[in-house]
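# Per-entry structural report
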Amino acid sequence: MTPHNSMLLAALALAAFAPPCLAQTRPAPAKTAAPPAAAGAPALPTPPGGNADQVAAGQRLFGRSACRNCHGPEAKGTPIGPDLTAGAWLWSDGALPGIRKTISDGVSKPKRFKIAMPPKGGMQFSDAELTELAAYVWAVGHHAAKP
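Definitions and limits used
- Residues numbered from 1 in each chain as written.
- Predicted model: local features only at pLDDT ≥ 70, side-chain atom pairs only at ≥ 80, totals over all residues.
- Heavy atoms only, no water.
- Helix = DSSP H or I, 4+ residues; strand = E, 2+ residues; numbered from the N terminus.
- Expected span 1.5 Å × (residues − 1).
- Buried < 20%, exposed > 50% of the residue type's maximum accessible area, 1.4 Å probe, protein only.
- 1 Å grid on protein atoms, 1.4 Å probe; cavity = no way out; pocket = protein on both sides within 12 Å on 5 of 7 lines; lining within 4 Å.
- Points joined across faces, edges and corners; volume = space filled by probe spheres on them.
- Nonpolar A, V, L, I, M, F, W, Y, C, P; charged D, E, K, R; others polar.
- Contact = heavy atoms within 4.5 Å.
- Arc of directions from axis to C-beta.
- Polar contact = N/O pair within 3.5 Å; in protein donor to acceptor, adjacent residues only side chain to side chain.

Time to look at helix H5 (residues 127–143). For H5, with 17 residues, the first-to-last C-alpha span of 24 Å sits near the 24 Å given by 1.5 Å per residue. Turning to H5, its buried residues number three or more, namely Glu129, Leu130, Leu133, Ala134, Ala135, Tyr136, Val137, Trp138, Ala139, Val140 and Gly141.

Next comes the structure, spelled out in structure tokens:
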């Protein structure tokens, strides 16, 4: 194997195993609509100052962005990102503006995980998309508290 091939192989391996939440690309447009909620599953709550359309848009955006790679496809956490459904807020009071700020600013020194969350999760979200993501995170985080 030539040194060039070795370097290429190493670069490909690094790219394949680097934490996907550190990606710097914009999420690809959804090819299909988000899957419907499971039959009989209660709808997610709507945050004060937000609306159901924002929650739904945030859920779709979460599902097709780096968010799901670090926090899991259902936001229940992974070894590199916390469970967002537990209703435990480490970086804000759990209100919509605080959640939005955490997503926007990132988490440079996590309290319980080894990998930092870059601002906007390393993505290029618009202001409207940040609000939608925050509405979804608020909804899944407050959903657990509902009976």
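So, next bit.
Moving on to the layout of surface pockets. Take a probe with the size of a water molecule and roll it over the atoms, and the empty space left behind shows itself. In this structure, the second largest pocket spans a volume of roughly 630 Å³. As for the second largest pocket, its lining consists of 34 residues, and the residues nearest its centre are His71, Pro82, Leu84, Thr102 and Met117. When contributions to the lining of the second largest pocket are tallied by element, the ones reaching two or more residues are helix H3 (67–71) and helix H4 (96–105). Here the lining of the second largest pocket gets 4 residues from one element, more than from any other, and that element is H4. Grouping the constituent residues of the lining of the second largest pocket by class yields 24 nonpolar, 6 polar and 4 charged.

The topology assignment puts Leu96 in helix H4. Excluding its chain neighbours within four sequence positions, the residues that come into contact with Leu96 are Pro47, Pro48, Gly49, Gly50, Ala134, Ala135 and Trp138.

Next up on the list: helix H2 (residues 52–63). In this model, H2 (12 residues) spans 17 Å end to end at C-alpha, consistent with the 16 Å of a helix rising 1.5 Å per residue. All buried positions along H2 are accounted for by Gln54, Val55, Ala57, Gly58, Leu61 and Phe62. Axial view of H2: buried residues confined to an arc of 165°, hence all on one face. Here the buried face of H2 lies against H3 and H5. Capping of H2 at its N-terminal end is provided by Asn51; its side-chain oxygen lies 3.0 Å from the backbone amide nitrogen of Asp53.

Fair warning: the whole summary comes from geometry, so function is off the table for now.
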